[in-house]
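Overview (structure and organization)
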Amino acid sequence: MAELVNIFEREFARETIFLDRNLITPHFTPQKLLFRDKYIGEISGILSKTLHGEKPDNLFIYGKCGTGKTSVTRLVMQQLLEFASAKNIPVEGNYVNCRNHNSKYRILSKIVKDFFPEEDFMGYSAAFVYEKLLEHARGKEKAGGKHIVLVLDEIDKVKDLDELIYGLTRGNDEIGSSGSISLIGISNNLMFKDRLDPRTKSSLCENEMVFPPYNAQELTEILRQRTGMAFKPDTVEESAVCLAAAIAAQESGDARTAVMLLLRAGEIADRRGSGKVTDREVMKAKVQVEEELVYNMVSTLPEQQQFVLYSIAVLSLTKKPQPKITGETEKGVLFSGEVYDEYCKIAKKHKEEIVSSRWYREYINELEMYGLIYTTASGKGIKGQTTLIKLGFDAEKIKGLIERELIEQN
DNA sequence: CCTCCACAGGAAGCGCAGGAGT
DNA sequence: ACTCCTGCGCTTCCTGTGGAGG
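Residues numbered from 1 in each chain as written. Chains lettered and ligands numbered in written order. Predicted model: local features only at pLDDT ≥ 70, side-chain atom pairs only at ≥ 80, totals over all residues. Heavy atoms only, no water.

This next bit is on the confidence of the model for chain A. On average, residues of chain A score 84 in pLDDT, and 89% of them reach the 70 mark or higher. When pLDDT is averaged over each helix and strand of chain A, the minimum, 48, is found for strand 6 (residues 322-323) and the maximum, 95, for helix 2 (residues 37-47). Below a pLDDT of 50 lies the segment residues 323-329, which in the model reaches nine contacts outside its immediate sequence neighbourhood of four places, other chains included. (pLDDT = per-residue confidence, 0-100. Helix = DSSP H or I, 4+ residues; strand = E, 2+ residues; numbered from the N terminus. Contact = heavy atoms within 4.5 Å.)

Below you can see the structure in the form of structure tokens.
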């Protein structure tokens with residue numbers, strides 16, 4: 001008779017090349033951040049004012065995803081708070097991700113709740129919560145005030161940012177000199193600050209910092225650091241690390257992508273039982289990571305925008321290569337106008353509303369921002385002024401993906 | 001050179017949903 | 001419970017732009 005074994009027994013006993021898988025996930029922040037000393041220095045320079053009882057300037061940090069904005073800020077904040085509490089200096093901090101707390105009220109409630117964990121502020125008015133925060137900064141009678149540093153990550157997601165910042169700036173006047181509230185705003189969208197009220201903008205951007213993408217060498221170093229911690233010795237080939245770094249650098253300079261590549265490559269090696277991460281695993285991981293990335297983006301797109309992307313995929317599959325003025329032919333390059341026509345046809349077939357061509361252009365711009373398509377302005381050889389559109393990923397895959405998405409919804 | 005084409009993208013405004021104030 | 005307000009997604013309208021063609 002066959003032995004009865006718990007089905008997890010085999011999984012549990014399986015050989016793995018990971019020492020600690022968690023250390024090579026994008027969520028993990030190492031204690032030492034490479035190639036960011038300059039920014040760590042600048043930010044801590046600004047925040048050190050709090051240690052001398054002064055209000056630091058507000059700071060706005062911009063950079064694409066995976067450039068270390070959040071990690072650097074969290075690290076500096078953590079050190080600041082540790083130091084302040086060791087020296088008994090009244091400095092406090094709070095981190096808010098504005099994707100989850102996307103309005104003035106939600107942000108204020110979240111902060112106040114963290115400062116007063118024992119009390120419940122559900123249902124209180126925005127003014128009350130705001131007053132509570134000021135009270136906290138002002139401090140008790142003789143104890144003196146506190147210097148509070150608020151980190152607002154993905155600050156571009158806040159709907160009524162003008163009001164929030166106006167409120168907090170005014171709050172500083174009310175608190176007086178004994179305490180203060182200052183802001184660190186983080187965003188990967190530089191354009192968003194142009195939409196702000198000029199006063200908000202000048203207040204938030206007292207200091208500005210731009211985090212550049214990492215280059216291939218930097219990414220290689222970062223990956224070496226991580227593999228040393230996360231993998232067992234001699235399980236990751238040096239060339240595999242370089243390859244993963246090169247792929248990530250070429251695509252975006254995104255450290256998150258680079259880390260994901262090695263994580264998936266490690267998982268693939270485990271599954272195959274080969275006990276080693278080589279170029280082969282990394283190349284396989286590349287396909288997988290790319291698919292995950294695209295899937296995440298596509299599935300969160302509004303339905304109409306999915307139709308636009310779908311039209312681009314369909315057209316680039318059916319359209320014959322266009323002879324370009326330079327003589328060579330380029331595959332899959334589409335005109336903005338023909339994509340819109342195709343989109344109208346497809347949307348009509350699915351009995352969907354059709355968005356105006358103006359809004360369609362906004363969709364196109366967004367799709368480019370997400371990296372799902374590439375666009376170029378038409379030059380010589382093409383009638384009028386139009387945008388040339390090219391799909392950023394494999395047309396078949398995008399087409400299949402959206403078809404599945406749409407079927408799921410119905 | 002002028003006009004037309006095929007768009008790009010700014011400005012204003014509209015209807016709706018949801019949240020805040022009363 | 002109600003009214004008021006505001007942001008969001010979108011439309012309509014409009015001006016601007018650069019190459020093609022006469």
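On to the protein's contact with DNA strand B. Taken together, 11 residues are adjacent to DNA strand B, and Gly337, Arg358, Arg361, Gln385 and Thr387 come closest. The sugar-phosphate portion of DNA strand B accounts for 51% of its atoms within 4 Å of the protein, the bases making up the rest. The separation between a sugar or linking oxygen of DNA strand B and a polar main-chain atom of Gly337 is 3.4 Å. In this structure, Arg358 approaches DNA strand B through a side-chain N or O atom, which is 3.0 Å from a base oxygen. No other element matches the three residues that helix 14 (residues 357-369) contributes to the surface near DNA strand B. When grouped by side-chain class, the residues that make up the surface near DNA strand B number one nonpolar, eight polar and two charged. (Near = heavy atom within 4 Å. Polar contact = N/O pair within 3.5 Å; in protein donor to acceptor, adjacent residues only side chain to side chain. Nonpolar A, V, L, I, M, F, W, Y, C, P; charged D, E, K, R; others polar.)

By size, the foremost hydrophobic cluster in this structure holds 33 residues, and its most contacted members are Leu309 and Ile312. Of all the secondary structure elements, the ones that give two or more residues to this core are helix 11 (279-300), helix 12 (303-318), helix 13 (336-349), helix 14, strand 10 (387-391) and helix 15 (395-409). Element by element, the count of residues in this core is highest for helix 12, at eight residues. Mapped onto the domain boundaries, this core takes at least three residues apiece from domain 1 (7-18 + 214-298) and domain 3 (301-409). Residues in contact with Ile312, not counting those within four places in the same chain, are Leu334, Val339, Ile364, Leu367, Ile373, Ile389 and Leu391. Listed in part, the 31 residues of the second largest apolar core include Leu223, Ala240, Ala244 and Leu263. (Core = buried A, V, L, I, M, F, W, Y, C linked by side-chain atoms within 4.5 Å. Buried < 20%, exposed > 50% of the residue type's maximum accessible area, 1.4 Å probe, protein only. Domains from an automatic or database assignment.)

Attention now goes to the sheet that holds strand 2 (residues 91-97). Taken in spatial order, the five strands of this open sheet run 2-3-4-1-5, and their pairing is parallel. Looking at the sheet topology across the chains shown, the edges are occupied by strand 2 and strand 5 (207-211). Going from strand to strand, the sheet's axes swing by 15° on average, the running direction of each strand aside. Bridge count between strand 2 and strand 3 (residues 147-153): seven bridges; the pairing is parallel. Pairing of Glu92 across the sheet is with Ile148, part of strand 3. Helix-sheet contacts for helix 2 involve strand 1 (59-63), strand 3, strand 4 (180-187) and strand 5, and the interaxial angle to strand 5 is about 160°. (Pairing = 2+ DSSP bridges. Axes fitted to C-alpha atoms, helices over the stretch in contact; angles between N-to-C directions.)

Checked against the element boundaries, His147 lands in strand 3. Here the side chain of His147 touches Gly53 through a polar contact of 3.2 Å, landing on its backbone oxygen. Polar side-chain contacts of His147 include one of 2.7 Å to the side chain of Ser180. In this view, His147 contacts Thr50, Gly53, Glu54, Lys55, Pro90, Val91, Glu92, Ser178, Gly179 and Ser180; residues no more than four positions away in its chain are not counted.

Attention shifts here to the packing of helix 12 against helix 14. Helix 14 packs onto helix 12 with a crossing angle of 75° between their chain directions and a minimal axis gap of 10 Å. With respect to helix 14, the axis of helix 12 lies roughly perpendicular. Here Gln304, Gln305, Val308, Leu309 and Ile312 of helix 12 come into contact with helix 14, specifically with Tyr360, Tyr363, Ile364, Glu366 and Leu367. Grouping the amino acids of the contact of helix 12 with helix 14 by side-chain chemistry returns seven nonpolar, two polar and one charged. (Parallel < 35°, antiparallel > 145°, perpendicular 65-115°, else oblique.)

Another point: unusual backbone geometry. With a phi angle near 60°, Phe35 is a residue other than glycine that sits in the positive phi range. Its place among the elements puts Phe35 in the loop between helix 1 (7-13) and helix 2. Phi angles above zero are rare outside glycine, and Asn88 is one such case at about 60°. Its location among the elements puts Asn88 in the loop between helix 3 (69-86) and strand 2.

On to empty space enclosed by the protein, then. Counted by the stated rule, this structure contains one cavity of 30 Å³ or more. Lining the largest cavity are Ile247, Glu251, Thr257, Leu261, Lys286, Val289, Glu290 and Leu293. Mapped onto the lining of the largest cavity, the elements with two or more residues apiece are helix 9 (238-251), helix 10 (255-272) and helix 11. For the lining of the largest cavity, the class distribution of residues is four nonpolar, one polar and three charged. (1 Å grid on protein atoms, 1.4 Å probe; cavity = no way out; pocket = protein on both sides within 12 Å on 5 of 7 lines; lining within 4 Å. Points joined across faces, edges and corners; volume = space filled by probe spheres on them.)

Now for the pairing of strand 10. In this structure, strand 8 (residues 334-335) lies alongside strand 10, joined through two bridges in antiparallel fashion. Bridge pairing in strand 10 links Phe335 to Leu388. Two elements, strand 9 (residues 373-377) and strand 10, share five bridges in a ladder whose sense is antiparallel. Across the sheet, residue Ala377 finds its bridge partner in strand 10, namely Thr387.

Here we come to the pattern of salt bridges. If you walk through the whole model with that rule in mind, you get 11 salt bridges. For the salt bridge of Glu238 with Arg224, the shortest nitrogen-to-oxygen distance reads 2.5 Å. One end of the pair, Glu238, is in helix 9; the other, Arg224, is in helix 8 (residues 216-230), and 14 residues separate them in sequence. Here Glu292 ties to Arg264 by a salt bridge, and the two come within 2.7 Å at their closest N and O atoms. In this pair, Glu292 sits in helix 11 while Arg264 sits in helix 10, placing the two residues 28 residues apart along the sequence. For Glu292, a relative accessible area of 25% translates into the label partly exposed. Here the salt bridges do not stand alone but share partners, grouping Arg21, Arg264, Glu267 and Glu292 into one network. (Salt bridge = Lys/Arg side-chain N within 4 Å of Asp/Glu carboxyl O.)

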